[in-house]
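Here are the chains, one letter per residue:
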Amino acid sequence: LPPFGSCIVSATVQSDEPLDIGELGQVTFTGCRIKYSEEAFHASDGKSIAWNDSMQTSATRDDTGKETNDGESLEPVPEPPHETVGEIREQHLSLSGTVDFVMYELPEANPAAIHFRQTMMFQSRVFQYPVRNSSRMKMQVAWRINPKRISAGNSHCPFSVTPVRTVIEPGTEEVFSFRFSPLEVEDFEYIALASIDQLRHDAPPLSVGLFGAAKRPLCHFEFESSTYLERRKASLPSLPVGLDSIKVLEFESLGIRVRNTKRFHVVNPTNLAYDFRLLPAGEGNSKFKCTTQSGTILPGKRCELSFAFVPETVELQESLWTFEIPDQGISQTLLLVGSVSEPRVELETRHINFHSVLVGGQSEETVLVHNREPIPFSFSFEPASFVDEEIDESTSGPEHSAETKTRGNPVLHVSPLSGTIAPYSSMPLQVKFAPASEKLHNFNLICVVHRKPNLLSLNVKGEGSAIHDKVTMVDRSESGASLLGGANVTVDSDGSAPSEQLLTPGAGSHNTLNFGAVHVNDRSARRISIENQGKFAFDFSWASLSAPDAASNSVLQLSPLRGTVPPGETVQCEFAFAPRREVVLDNVKFQCTVAGARKYNVVVTGQGSKPIINFSSFNLDFGPCFIAEHGVSSRTEERVLTISNQETDNPVAVDCLFEKTEVLDINCEPTVLQPGESMQVPLRFTPRELKEYKGAIPFEINGLYSVNVLYSGEGTILSLGLEEPDRGTLNFGSQRVGAHITKTFKVINRSKRAASFMLHDRVEGGQGILEQRCVTVHPAPGVPITLRPRETCAVQISFQPERRLAQFSEPLLMQVNGGEKRLIDVIGSCQGEDVKLELSSLNFGDVCESCKVTRKVQLGNAGDLGARFRVGIASEARRDYSIFPMEGFLPPHGQIMLDITFHPQVVADELRAELRVVAEGNEQSTMTLALCGTCMSIPAEGIKELRFDNVKVRESETKQIELSNPGKTAWTLQPTIHNAYWSGAPRLEIPAGGSAKYDLTFTPLTMTSGPDTDHEGSIFFALPTGAAILYKLLGKATEPGAEAEVSETTAAKKHLTIPLRVRNCFRTAQRLAVTIERMQGTDDHFFKGPRSIDVPGSGHRDYKLGFIGYREGKAEARVTFTNDKTGEYLFYIVRITIDKPGTQGTLHLDTIVRQPVTCSIRVENPFFGSQKRVQFESPEDKAKIDLAKPSCSWWSCDSPFVRVRALNDAASEREALFEVEYRPLLPTTEPSTHRLMLKSAELGEYPYELELRAKPAQTEQALNFRATLGAAHEQVFRFTHLGAGPSDYTCKVGQPLFYKVEPSLKAAAATSWLGSEVAISVRFEPQGLGEVRDLLTVASPDGGEYTCSLNGVCDPPRPQGPFTISDPAKGVSIDFRNVFSEAKEYKAIVDSDVFTVNGARSQVLKIDASKAVALVVKTAGASSAEDAPVTGKLLVSCVDMPALPAWTFYVRTARKAP
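From a predicted model like this one, the values you see are computed outputs, not experimental measurements.

Considering the overall build of the protein
Okay, step 1: The number of helices and strands found in the protein is six helices and 117 strands.
Okay, step 2: C-alpha extents for the protein along the principal axes are approximately 170 × 140 × 85 Å.
Okay, step 3: Expressed as a percentage of the 1458 residues in the protein, the buried residues total 39%.
Okay, step 4: One finds the centroid of the 149 positive side-chain charges in the protein at a distance of 3 Å from the centroid of its 179 negative side-chain charges.

Next up, the structure:
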């Protein structure tokens, strides 16, 4: 078996006797991998080899080695030489089956022949014939009916059998029905033969004889036969005639009072016309009417009769009628039978129980009326049935009846009361129950359905019940403030309202609840009690009637919102007003629904106040802003928001909670605004897409509530360019020196907003390129120009050459939206001489006395003409400088080197001179070169010194003072300390005759101002002896130590906020300046925070320190908080460990295979504007990006179908812009996840997650073929191979008989990302006429799949020839090929007796598949004596395919020689 090949293995069982082979066992297949020898591989031309031992060939080779094919002997094909590779594997196939003959059995009652009784024409008789399969095999039976004798007059067979073909399962029986239906008067004899496959050889064939005779009637009634007489009840009156002579016509009416019509035909099968009449027999029945009671029926024609049946009741109706033909003296009794069926129109339910319904309310139920009949029915409810049967005698008078049935709000209402129901549909009925009093109700509604004999009834029950409730409001809150107003009256906080207020129900009453003024973050509550004074429990529920934002937020809360109040109990509901922001409750409406009917309206008012802070705007509109073009840095629009503290006493803390996005960036540090202070918040808007942007910026005030500032903007494209877009150049031509030409063009702004731009002349060597070429521009380059939408600006360009200029074409650029774009190209030239010095000044530097230094300066002539020159220098300077040569000639485009020597003789700080070069005929006749040098002696060296100078500020040091008590009593001393920086115990106990040590602690709060200054103080001990001891205290306070050392860990490129607690040891508030000093880490580690912080006296604040690190490592910083007035400070040491960065985002890319899709990645450049340059892509990587398999050092991806390109220079832009391109070669069933890594030596790694999905490609190309049958048409299919390596493609088509293609194809590795082209030939060889559609599939496991639609059209064979017979003896040989894939028989015939084909007028040939034979056409005898040639046709047609057109070959005889 070749790769992807198959082989059919036949297992054959054969037995002459019945056999069960279910126990024969298994067949074992052994298989292993093989490798063909080189000899076999070359013998097959490198193609796959298929072989099995059943292959045979008739080809032999003669002694010379030439292949012959005599067709007489067959030899087996030898197995190709090979060797086994790998292990041998076995597979088992179980065999089972049954070998048996097919046998049948007939019941003993089955006759050998069926004789049908004499049957009238157009009538039928049926005979049942059972057959049983007694074998173990399925029996396939096919019947055919043949006449025993052939009748020349009638070909109609009156016999039929059903089923004609069937399969009888083993052991089962099939009943066949033989029907005799004559259409003519004749004696019929037929035989039915059954064809049974695999019937036992000794079993007789199954056959049945069929015999029948037909009788011609005088008339024939064409309507279906009825079995009514067999079903007729014995209780009905007896019929006056015999049952055999009665024909029954049945009517079935759907409902009463419906007209039912039956029509049928009476056929006259005779050759005589006759009259007929229809008369009722007996008493007659008015329910039946005959529309045609008499008439004439012509010979062989038929007449239509009709009867109508209109029932009035549901009883069965009968009517006898007599059909008479007076001329023939015959009659036929007709029995008309009419029955009525009840229409299937009914109610879905017959009972509705509304149970208990609140008085004044209503309940509703839906009842469906179903119509299950194919016609519509109308219905209506009887008004008299809407009577309450539970009404007692006292209320049964006319007044109550009128109240129940005729008032505007009846107790029971049904809608609709009448209507029509469509066939097979339903109609809903709305039943509403609205009790007006507490009592039971019972209704029996009657529904009348038109044409339905019986009425429909609907029983409705219900009970009316009432609710007794009491709802009151309590007037005191938790804080004891005022609250409440009665119905329609608002109560103020003066205490004049009663303690409780009864709420009034109804839509017109309003009960006001006033919270008054409540501070932000405070809470005020009010209570409403609901009391049940009735006998039954009821439910209550609260609902808001105001706008959703007034009651759905957390400012006003109500609980519980719903509940159940048992009889005799009370439930308390609480309104709580807790404003978290400044808010006004302006008539917020609530409604309490009690028992589903009684509604209480409560209007809530109140106000929440907050600190007074002012924002310059609450709606910032950036308007249309330009988005960045492809490969250009983003354009930013900036607005400034001013926030002011208008409080008179209290500072306000402001913190912006908005997180930076790629669209909006806000620079707002947490700040404390003093009373009357303001702050500026810059906002930078950077649109990325063409759309409108809207959002809110939350500001947190005092950490308690937020204020939202809305912003909006729109991304739009920049459309700024020439008013005449087709004008791309400005040509001044070739001018002479001194000419002055001016030209003008206009720039127009087609954008939505004003656009600013500057004309830019690219600078080279410190001067613009156009300026170097004597071109001036107005407005001048670098001058900002702003154009409103649709405004234009005239640009004037002047060309005034002052020297020779070669032909130039330089662009005038336009700087706009952060990038440069070409505006127009300026072209011109000027001829002349151009002699120039290489330098304008020459500095020899420091030269010792009696030494010399020589420098070379180039003098060049870039003009078209030669020029003489001479060099001059002042005589006093010649002592220190000398030049060679002093004069000479410069040819065109030539240059010469001037040797200038500096040889000072005396020490001097500066020796200057000026060298002049004069060129004859030059545009600049005199050129100067400034010379400068210094004559020096040896300099002296300089000397430096370093000095280092004991309690740290806010730290403590304790020392002991030892005191002695020489007395005999103990001392208790109370020391007095001057200066709060020193502290100690208030008392010191010294025992008699002993000593004690006093601990004195020095805790400085400020540092000493200098090395020679000290903190001074004293401690005084008063002794009981009258003496005293005084210590003068001096202390030096050095710089403080760290408050704490904070350690954090974060991921790279992730913002981290670190809170630092700043304490104020003094009683007065301090404003501390903040400085952040990086002590360890790299320059890509950034610490950020507010520049100052306000700390209240004896309090503390948390300073929010921000950090972001772009590369892994460790960072350490010192954060110092300094009082600028006193110089005191404290500091923290912050150490941060930066781990690997997390995923920066997920990119979703979805495309079709081989169709690239891109997305952008923007990376912020934190070093923008600094000296450090960020680099991702190196120059070496730029050349690798277009390779078939890009391999760059700055990015990597585990998907081979992804590449990344840098769109701008990251070093000079605020953002680095990258394009990720995904071009898959293979489809995926599910999205696959891959990892993309961007790398920069300055910013580290940027990991991204890619979610990639590739859909299968549609058919990419189509090839159209057209060929005649027997011919061929070949075309080439080309596709692009995109794989980075070589691939082996398999090629296949669905119809290999029509389309030929090589089975495999090798594609070399693609040399670039765009791939390489591969071609394959497709050959169309049709084997049938018409259209042949197919699909070419070229697939590779790693290169993907390519498809191409193949559309072929095969035309009929075209005539060929003429073939001239030059020699009548030899004739002419015509090659004819069998175009089909199997052997076919062909018939060759000539249309003239003059010609023969292969010696005969016609011949039948069998031609093997795809083989050709020679057809020899000769003349049959001596041709005509005339000189004119004879023309004929050879026609070749396929015997098996008669519908196929024949191949036509024209032949003719040669003209006789004169």
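Remarks on the sheet that holds strand 51 (residues 652–656)
Okay, step 1: In spatial order, the strands read 49-56-55-51-53; together these five strands make up an open sheet with mixed pairing. Both outer strands of the open sheet, strand 49 (619–626) and strand 53 (671–673), are each paired with one neighbouring strand and no more. For this sheet, the mean angle separating the axes of adjacent strands, direction not counted, is 30°.
Okay, step 2: Summarising the sheet, strand 51 and strand 53 pair through three bridges and their orientation is antiparallel. Note on strand 53: the bridge partner recorded for V652 is L673.

Things to note about the pairing of strand 101 (residues 1244–1255)
For a regular strand, the rule is simple: side chains alternate between the two faces of the sheet.
Okay, step 1: In terms of strand pairing, strand 95 (residues 1146–1152) meets strand 101 through seven bridges, oriented parallel. Each bridged residue has a counterpart across the sheet, and for L1149 the counterpart in strand 101 is L1252.
Okay, step 2: With nine bridges joining them, strand 100 (residues 1232–1240) and strand 101 adopt antiparallel strand pairing. Pairing of H1234 across the sheet is with L1250, part of strand 101.
Okay, step 3: Connecting the antiparallel pair strand 100 and strand 101 is a turn made up of three residues.

Thoughts on the packing of aromatic side chains
Okay, step 1: Applying the stated criterion across every chain yields a total of 56 aromatic pairs.
Okay, step 2: Their ring planes at 50° and their centres at 5.4 Å tell us that F615 and F618 sit as a pair that is tilted.
Okay, step 3: The exposure class assigned to F615 is buried, which follows from its relative accessible area of 4%.
Okay, step 4: Centroid distance F1376 to W1447: 5.2 Å. Interplanar angle 80°. Geometry classified as edge-to-face. A residue pair is termed long-range when its members are at least 10 positions apart, and F1376 in strand 111 (residues 1372–1377) and W1447 in strand 117 (residues 1447–1453) qualify at 71 residues.

Regarding the confidence of the model for the protein
Okay, step 1: Per-residue confidence for the protein gives a mean pLDDT of 83, with 91% of residues at or over 70.
Okay, step 2: Of the regions scoring below 50 in pLDDT, residues 392–407 engages in 14 contacts with residues more than four places distant in sequence or in other chains.

Details of the sheet that holds strand 105 (residues 1299–1301)
Okay, step 1: Strand order in the open sheet formed by three strands is 103-107-105, and the pairing between neighbours is antiparallel. Of all the strands in the sheet, just strand 103 (1273–1281) and strand 105 have a single pairing partner and so form its edges. Sheet twist, expressed as the mean angle between neighbouring strand axes with direction ignored, is 30°.
Okay, step 2: In this structure, strand 103 lies alongside strand 107 (residues 1316–1324), joined through nine bridges in antiparallel fashion. Looking across to strand 107, one finds that R1278 is bridged to A1319.

Some points on the side chain of T1337
Okay, step 1: Looking at the secondary structure, you find T1337 in strand 108 (residues 1330–1340).
Okay, step 2: A relative accessible area of 12% means that T1337 is categorised as buried.
Okay, step 3: In this structure T1337 touches T1290, C1291, K1292, E1345, Y1346 and T1347, once residues within four positions along its chain are discounted.

Notes on the pattern of salt bridges
Two side chains of opposite charge can pair, provided their charged atoms sit close to one another.
Okay, step 1: With the rule as written, the count across this model stands at 46 salt bridges.
Okay, step 2: When the shortest N-O distance is used, the salt bridge between E637 and R753 registers 3.3 Å. Of this pair, E637 sits in strand 50 (residues 637–645) while R753 is found in the loop between strand 59 (741–749) and strand 60 (755–760), placing the two residues 116 residues apart along the sequence.
Okay, step 3: Of the charged contacts in the structure, one is a salt bridge between R879 and D880, with a shortest N-O distance of 3.7 Å.
Okay, step 4: For R879, a relative accessible area of 52% puts it in the exposed group.

Comments concerning the state of the cysteines
Okay, step 1: On inspection of all chains with the given rule, the structure shows zero disulfides.
Okay, step 2: Distance from the sulfur of C290, which forms no disulfide, to the nearest cysteine sulfur (C303) is 10 Å.

Topic: the environment of V604
Okay, step 1: By the element assignment, V604 lies in strand 47 (residues 598–609).
Okay, step 2: Residue V604 is classed as buried on the basis of its relative accessible area, which comes to 0%.
Okay, step 3: Considering only alpha carbons, one finds V604 and E346, 258 residues apart in sequence, at a separation of 54 Å.
Okay, step 4: Sequence-distant contacts of V604, defined by excluding residues within four places in its chain, comprise L513, F515, L556, F575, L585, D586, N587, V588 and F590.

Structural notes on the environment of C830
Okay, step 1: Looking at the secondary structure, you find C830 in strand 67 (residues 819–831).
Okay, step 2: With relative accessibility at 1%, the residue C830 sits in the buried group.
Okay, step 3: Each C-alpha atom of the pair C830 and V102 lies 113 Å from the other, and the pair is 728 residues apart in sequence.
Okay, step 4: Non-local contacts of C830, meaning those with residues more than four positions away in its chain, are made with Q735, R736, V737, P801, R803, R804, L805 and A806.

Description of unusual backbone geometry
Okay, step 1: Between S415 and the following residue, P416, the backbone shows a cis peptide bond with an omega angle of -5°.
Okay, step 2: At the junction of H778 and P779, the peptide bond is cis and its omega measures out at 0° in the coordinates.
Okay, step 3: Following the sequence through the fold, P779 ends up in the loop between strand 63 (775–778) and strand 64 (785–787).
Okay, step 4: Positive phi is not limited to glycine here, since R451 has a value of about 70°.
Okay, step 5: Its location among the elements puts R451 in the loop between strand 35 (440–449) and strand 36 (456–465).
Okay, step 6: Overall, the relative accessible area of 16% leaves R451 in the buried class.
Okay, step 7: Of note in the backbone geometry, K1053 takes a positive phi value of approximately 65° without being a glycine.
Okay, step 8: Inspection of the secondary structure assignment puts K1053 in the loop between strand 87 (1045–1051) and strand 88 (1056–1063).

Side note on a nonpolar patch on the surface
Okay, step 1: Together, V9, V27, F29 and L93 line one region of the surface with nonpolar side chains, adding up to about 330 Å² of accessible area.
Okay, step 2: Summarising the element assignment, L93 is placed in strand 7 (residues 82–94).

Brief notes about the pairing of strand 50
Okay, step 1: Relative to strand 50, strand 48 (residues 613–615) is paired through three bridges, and the arrangement is antiparallel. Pairing of I613 across the sheet is with N645, part of strand 50.
Okay, step 2: As judged from the eight bridges shared by strand 50 and strand 54 (residues 678–685), these two strands associate in the antiparallel manner. Within the sheet, the bridge partner assigned to I643 lies in strand 54 and is M679.

Structural notes on the nonpolar core
Okay, step 1: In terms of nonpolar packing, the biggest core is built from 33 residues, with I1161, F1176, F1218, V1220 and L1238 touching the most fellow members.
Okay, step 2: Residue assignment for this core shows that the elements contributing at least two residues are strand 95, strand 96 (1157–1164), strand 98 (1202–1206), strand 99 (1215–1222), strand 100 and strand 101.
Okay, step 3: Element by element, the count of residues in this core is highest for strand 101, at five residues.
Okay, step 4: Discounting chain neighbours no more than four positions away, the residues touching L1238 are I1161, F1176, W1194, W1195, V1204, F1218, G1244, E1245, Y1246 and Y1248.

Description of the environment of V175
Okay, step 1: Examined against the element boundaries, V175 turns out to sit in strand 16 (residues 173–180).
Okay, step 2: The sequence separation of V175 and L805 amounts to 630 residues, and the corresponding C-alpha distance is 115 Å.
Okay, step 3: When near neighbours in sequence (up to four residues on either side) are disregarded, V175 contacts Q128, Y129, P130, T162 and P163.

Reading the values: the criteria
- All residue numbers refer to position in the chain's written sequence, counted from 1.
- It should be noted that, the model being predicted, local features are given only for residues of pLDDT at least 70 and side-chain atom pairs only at 80 or more, the latter also being counted only at that level, while totals for whole chains, interfaces and linings use all residues.
- The side-chain values count all of the structure's non-hydrogen atoms but skip hydrogen atoms and water molecules.
- The numbering of helices and of strands both runs from the N terminus, where a helix is a DSSP run of H or I of at least 4 residues and a strand a run of E of at least 2.
- Type-normalised accessible area, obtained with a 1.4 Å probe on protein chains alone, sets the label of each residue: buried when under 20%, exposed when over 50%, and partly exposed for intermediate values.
- For the purpose of charge, His is not counted, nor are the chain termini; Lys and Arg are scored as positive and Asp and Glu as negative.
- Charge positions are represented by NZ for Lys, CZ for Arg, CG for Asp and CD for Glu.
- Any two strands between which DSSP finds at least two bridges are classified as paired.
- In this analysis, axes come from line fits to C-alpha atoms, helices being fitted only over the stretch in contact, and the angle between any two N-to-C directions falls in the range 0 to 180 degrees.
- Within 6.5 Å between ring centres, the rings of Phe, Tyr and Trp (the latter by its six-membered ring) count as paired, and their orientation is classed by plane angle as stacked under 30 degrees, edge-to-face over 60, tilted in between.
- Every residue is assigned a pLDDT by the predictor, reflecting its confidence on a scale from 0 to 100.
- Note on contacts: a residue pair qualifies if any of its non-hydrogen atoms lie within 4.5 Å across the two residues.
- We define a salt bridge as a side-chain nitrogen of Lys or Arg found within 4 Å of a carboxyl oxygen belonging to Asp or Glu.
- In what follows, a disulfide is any cysteine sulfur pair within 2.5 Å.
- Surface patches are defined over residues having more than 30% relative accessible area and no salt bridge, joining like charges when they lie within 9 Å and nonpolar side chains (Val, Leu, Ile, Met, Phe, Trp, Tyr) when within 5 Å.
- The Shrake-Rupley method, run with a 1.4 Å probe, gives the accessible areas here. Residue values count only the displayed protein chains as cover.
- Buried residues of nine kinds, namely Ala, Val, Leu, Ile, Met, Phe, Trp, Tyr and Cys, make up a nonpolar core once their side-chain atoms join them within 4.5 Å.

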